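# Descriptive structure summary
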Amino acid sequence: MWISPKFKLLLIKEFERLKVEEQKQIGWNAKRELSKINYRIYTDAIKNNLVPKELTKNQINFVYAEEADVLNMALFGMTAKEWRDKNADLNGNIRDYATINELICLANLENLNSVFINEGLKQAERLEKLNKVAISQMQILNDTYIKYLK
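Keep in mind that this is a model prediction, so the values were computed, not measured. (Residues numbered from 1 in each chain as written. Predicted model: local features only at pLDDT ≥ 70, side-chain atom pairs only at ≥ 80, totals over all residues. Heavy atoms only, no water.)

## Remarks on the overall build of the protein
When helices and strands are counted, the protein shows five helices and zero strands. In the protein, the succession of helices and strands from N to C terminus is α-α-α-α-α. Considering the protein as a whole, with its 150 residues, one finds that 28% of them fall into the buried category. Considering only residue pairs separated by 6 or more positions, the protein has 64% of its internal contacts joining residues 24 or more positions apart. Within the structure as shown, the protein displays about 10500 Å² of accessible surface, and the carbon and sulfur contribution to it stands at 59%. (Helix = DSSP H or I, 4+ residues; strand = E, 2+ residues; numbered from the N terminus. Buried < 20%, exposed > 50% of the residue type's maximum accessible area, 1.4 Å probe, protein only. Contact = heavy atoms within 4.5 Å. Areas by Shrake-Rupley, 256 points an atom, 1.4 Å probe, with all protein chains shown as cover.)

Below you can see the structure in the form of structure tokens.
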């Protein structure tokens, strides 16, 4: 820093930029972890209400995948397979590429769908309700984020 005032300013600006990026990543990771925890609540609701004991492991896996796609359809408008087909060059899954707002909404949808499953609502009815919630929440979250940036 003693070399020149310009270099000192450049160094400070770069440090600030790196800290902002670091905070964004920490926030994204925290939301992703929250989503994983909520997913456990969600999978327990599936296990306790939608998976008959007579099913094979493959059939059980299909039930879980189908239910995960209920959330994917409600929020992203596509199934995991459709996303993989459109993004064959990317590693991971649709949720790995979700924004912070999408992860917040996804965590909320998982909780709501757990309640809906426990109440015995049919899949089509749950999907319709979840999609309405997703649209509403994403609009609010995106509007809030835009106001925050201003």
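## Some thoughts on the environment of Glu102
Within the secondary structure, Glu102 is located in helix H4 (residues 100–118). Spatially, the C-alpha atoms of Glu102 and Met138 are 7.1 Å apart, while their sequence positions differ by 36 residues. When near neighbours in sequence (up to four residues on either side) are disregarded, Glu102 contacts Leu75, Phe76, Tyr97 and Met138.

## Remarks on the side chain of Asn72
Examined against the element boundaries, Asn72 turns out to sit in helix H2 (residues 57–76). Those residues in contact with Asn72, other than ones at most four positions away along the chain, are Gly77, Met78, Thr79, Ala80, Ile94 and Arg95.

## Re the pattern of salt bridges
A side chain of one charge can pair with a side chain of the opposite charge when the charged atoms of the two come close. Under the criterion given, the structure shown has five salt bridges. A salt bridge links Glu67 to Arg126; the shortest N-O distance between them is 2.7 Å. Here Glu67, found in helix H2, pairs with Arg126, found in helix H5 (residues 123–149); they are 59 residues apart in sequence, far enough to count as distant. The salt bridge involving Asp85 is made with Lys81; its shortest N-O contact spans 3.0 Å. Within this pair, Asp85 and its partner Lys81 are both found in helix H3 (residues 80–86), separated by four residues, close to a single helical turn. Residue class for Asp85 comes out exposed when judged on its relative accessible area of 52%. (Salt bridge = Lys/Arg side-chain N within 4 Å of Asp/Glu carboxyl O.)

## Some remarks on the packing of aromatic side chains
One pass over the structure, following the stated rule, counts one aromatic pair. Sitting over the ring of Phe116, Lys129 keeps its end group 5.6 Å from the ring centre. (Phe/Tyr/Trp six-rings, centres within 6.5 Å; stacked < 30°, edge-to-face > 60°. Lys NZ or Arg CZ within 6 Å of the ring centre and 35° of its normal.)

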